Every structure is written in structure tokens, then in C-alpha cells.
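For reference, the chains in residue letters:
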Amino acid sequence: MPGPRPRAALAMSPDVASAVLDEESLTALAALCDLAPPPVLDDLSTPRARGVLAGTDLLVTGWGCPPLDAEVLRAAPRLRAVVHTAGSVRGHVTDACWERGIEVSSAAAANAVPVAEYTLAMILLTGKQVLESAREYRAARTRPDWLRTSREVGNHRRTIGILSASLVGRRVIELLRPHDVDVLLYDPFVDEAGARELGAERVDLTELFRRGDTVSVHTPLLPETRGLVSAELIGSMRPDAVLINTARGAVVDQDALTEAAVAGRIRAVLDVTDPEVLPPGHPLWRCDHVLLTPHLAGSQGNEWRRLADLALSEIARWTSGAGFIHPVRRERLAFLA
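Residues numbered from 1 in each chain as written. Predicted model: local features only at pLDDT ≥ 70, side-chain atom pairs only at ≥ 80, totals over all residues. Heavy atoms only, no water.

Draft legend 1. Looking closely at the overall build of the chain. Along its length, the chain carries 13 helices and 12 strands. Across its three principal directions, the C-alpha atoms of the chain cover 75 × 45 × 35 Å. Buried residues in the chain amount to 48% of all 337 residues. In the chain, once contacts between residues fewer than 6 apart in sequence are set aside, the share between residues at least 24 apart is 65%. Accessible surface for the chain amounts to roughly 16,800 Å². Of this, 53% is attributable to carbon and sulfur atoms. Measuring between centres, the 37 positive side-chain charges of the chain sit 2 Å from its 43 negative side-chain charges. (Helix = DSSP H or I, 4+ residues; strand = E, 2+ residues; numbered from the N terminus. Buried < 20%, exposed > 50% of the residue type's maximum accessible area, 1.4 Å probe, protein only. Contact = heavy atoms within 4.5 Å. Areas by Shrake-Rupley, 256 points an atom, 1.4 Å probe, with all protein chains shown as cover. Lys, Arg positive; Asp, Glu negative; His and termini not counted. Charge placed at Lys NZ, Arg CZ, Asp CG, Glu CD.)

Draft legend 2. Spatial organisation of the nonpolar core. Formed by 28 residues in total, the largest nonpolar core has its most connected members in L208, F209, V229, I234, L243 and L257. Secondary structure elements with two or more residues in this core: α10 (205–211), β9 (214–217), α11 (231–235), α12 (254–262) and β11 (267–270). The element contributing the most residues to this core is α12, with four residues. When sequence neighbours within four positions are dropped, the list of residues in contact with V229 reads L163, F209, V217, I234, L243, V251, V252 and D253. (Core = buried A, V, L, I, M, F, W, Y, C linked by side-chain atoms within 4.5 Å.)

Draft legend 3. Quick look at the pattern of salt bridges. Applying the stated rule across the entire model yields 16 salt bridges. In this structure, E99 engages R330 in a salt bridge whose closest nitrogen and oxygen atoms are separated by 4.0 Å. Of the two residues, E99 is situated in helix α5 (residues 95–100) and R330 in the segment after α13 (304–320); the sequence distance between them amounts to 231 residues. Each of D22, E24, R305 and D309 takes part in one network of salt bridges that share partners. (Salt bridge = Lys/Arg side-chain N within 4 Å of Asp/Glu carboxyl O.)

Draft legend 4. Structural context of α12. Taken together, the buried positions of α12 are Q254, A256, L257, T258, A260 and A261. Structurally, α12 contributes buried residues whose contacts are with α11, β10 (242–245), β11 and β12 (290–292). The opening residue of α12, the one whose side-chain oxygen lies 3.3 Å from the backbone nitrogen of D255, is D253. With its phi angle positive at about 80°, G264 sits one or two positions after the end of α12. (Polar contact = N/O pair within 3.5 Å; in protein donor to acceptor, adjacent residues only side chain to side chain.)

Draft legend 5. Broad picture of the UniProt feature "domain: D-isomer specific 2-hydroxyacid dehydrogenase NAD-binding" (unreviewed entry) in the chain. With numbering matched to this structure, UniProt assigns "domain: D-isomer specific 2-hydroxyacid dehydrogenase NAD-binding" (unreviewed entry) to residues 121–297. Summarising residues 121–297: 32% helix, 16% strand, and an end-to-end C-alpha distance of 11 Å. (UniProt positions renumbered as here; feature names shortened; annotations may be inferred.)

Draft legend 6. Expanded view of the sheet that holds strand β1 (residues 7–11). Taken in spatial order, the five strands line up as β2-β1-β3-β4-β5 in an open sheet, and their pairing is parallel. Each having just a single partner strand, β2 (34–35) and β5 (103–106) make up the two edges of the open sheet. As judged from the four bridges shared by strand β3 (residues 58–61) and strand β4 (residues 81–84), these two strands associate in the parallel manner. Paired with T61 across the strands is H84, a residue of β4. (Pairing = 2+ DSSP bridges.)

Draft legend 7. Quick peek at the pairing of β10. Burial along β10 is two-sided: V242 and I244 facing one way and L243 and N245 facing the other are all buried. Bridge count between β9 and β10: four bridges; the pairing is parallel. The partner of S216 across the bridge, within β10, is I244. Relative to β11, β10 runs parallel, the two sharing four bridges. By the bridge assignment, V242 is partnered in β11 with R267.

Draft legend 8. The arrangement of the pairing of strand β6 (residues 158–163) in detail. The buried fraction of β6 is high, at six of six residues. Neither face of β6 is open: one carries R158, I160 and I162, the other T159, G161 and L163, and all of them are buried. Looking at chain direction, β6 and strand β7 (residues 181–186) are connected through six bridges and run parallel. Paired with T159 across the two strands is D182, which belongs to β7. For the handedness criterion, the β-α-β arrangement of β6, helix α8 (residues 167–176) and β7 is classed as right-handed. (Right-handed = clockwise from strand over helix to strand, strands pointing away.)

Draft legend 9. Molecular detail of helix α3 (residues 47–54). Every buried residue belonging to α3 is among A49, V52 and L53, and all of these are buried. Mapping the buried residues of α3 onto a view down its axis gives an arc of 100°, with all of them on the same face. Turning to α3, the residues buried within the fold contact β1, β3 and α4 (70–74). (Arc of directions from axis to C-beta.)

Draft legend 10. The arrangement of unusual backbone geometry in detail. Residue P275 follows D274 across a cis peptide bond; omega there is 5°. A cis amide bond, omega 10°, links E276 with the succeeding residue V277. By the secondary structure assignment, V277 is in the loop between β11 and β12. Positive phi, close to 75°, is recorded for D240, a residue that is not glycine. Relative to the helices and strands, D240 resides in the loop between α11 and β10. Here D240 falls in the partly exposed class, since its relative accessible area comes to 31%. Located in the positive-phi region is H295, a residue other than glycine, with phi close to 50°. Relative to the helices and strands, H295 is located in the loop between β12 and α13.

See below:
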């Protein structure tokens, strides 16, 4: 006979729960587990939360989940798995979870999809200089002479540098395959054969920035990657090259980037900055060579359903004893966002 149904609880902010988990998703989750009734858990120190945790086998987490530290885990003696409905688990999965042997899964693969799509769109738009042309068209109210367009404009045989073969970086390379571009990759953990298999040429970090018409940053923010995109690397970029950052703002030397962009030497698309949001008087707000977007590359709107679907798929596998397809391993945390 099958064992008892696992008991599950939602641990995230209420706003996140209502955004990511619609009624259909909650119904599907309730078909797999005995789901604790609302409200969701966004404070794990309350008497109610401790009562729910005492009988919980599975936590379904999201943005706003408090840290699952040793004190929380003492209140959750039955907890065996955490399924995260977003990307990084670094903010709430602590050493205590790994020491308890709790299984962890993440929807990072699902969240990588819209980030990669955003990146591809920006690579193609900036290669075509669409934003600049639109601004000039609006000002002139007349069409320019296309036959006089610089040969630097366009995406044919453009060289795209990808910084890190992360989930997003790999997806971007995949999305670039149908396009007539040359792809470079810097990732110290990928060898030449691995880069060729992905469809890229393996280069060192200096060469990536020196050769790239566009360089797209996809490395996680770790102690080793803070400020990785240095003033020297930014200074080595080709005139009018484009730097795209959808990773974390602190990976880039923002002062050096600001200086180069304000001077008009390079262009940039920044979905992340350091800090988020930039101070009102920051020069990047008024720089014509920079497109700032409010950390929107990740899942939004109808894309949240993709996160929920992946999480539900993982929960279905776990409840059947099949194991996660997207497990998060403790030994890989140092390489993850």
C-alpha cells in the first residue's frame, strides 16, 4: 500500500504566493500533498508557523521565505524536502538544511528562460542600434538615408561574448544558434571541447572583452566575481561595443562603466545595478548610451506559471519517489547565483 500523503506548506511572502501560484497551481499541489491552509508562512517564528512546521514534510518556498536555520529546523522534525519556486536558494537554504540531509530543488532552469530571451532581444536590438535610431527618428521626424548607414550597424557576423556558462549563459548561446553571429565563451570550468559542444569558442577573460562586439554577463555574484568586470576590461572593449548585464550589478565596476558610457565610448544594457535602484542623481539615468531596466529580465506576469509548473513537476516526482530532475547540490552552491 502507498504511504501517507506528505504534508506541505508554503513559505514565501503573500504577494509572491498570489503572483506565482494561481488557483490551478494550488489545486494541482493539493492533489499531490496535504497542503497547510492559508495564510502562507512568511514569518517562521510565530506560534502558528511553528505548529505548521511541526507536521510539514515538504516546504514550497518562494521569494520572501525566511532563512531555514537550525532553530527553524528544530521546529520541523519531519521536513525532508524544499522545492523553491524561483531561482537562487542562497537566501533561505542554510548549512543546517544540508547537515540535516534535506533535499532541495529550484526552478532556476525555468527562470533562466525569460532572462535568456531578454538577453537575445537586447543583443539583436543593440546590434541594429534600434534604440539610437528610434531616438533620432523621433527628433528628426524624417527617415534617414539607409544607404549611408555605418557598416558597424547590424548583426551579421557580430561577435558575441558570453561571460559564464551558467543556466542563463548556456540558454543564450542556444538561442543565438540560428543567427549569423560568432560566439565567444569565458568560463574557467568549461574546457575547449565543452565550449565547442555548446557552440562557442573558448577564450580567456581578456580576449572576451577585447574581441566582443557585445559582451553579456551571466556569472553569479560570488566573492570571486565581485568587480570581475574591471575598469581594465571595460577599457579594453571596442569603441561602441555593448555590455549587457542581467546577472548582478556588483559583478561590474560600475564607476568604470559609467565613465566609459557617459563618454560615449561604449554602450550598455543594464537590468541590474549596484545598488538597485540607483540614486536619483546618478549619471546613468540621463546617459543616452545606456538602457536601464528595473530587474525585469526574470519571470514576470504569465511567465510565473513556468516557475509553478516546474516546481509542481518536481513535487510530483518527489512524492512518487523518483527524485528531483533539478536538484540543488551543496557542493555546487559556490557556483550558483
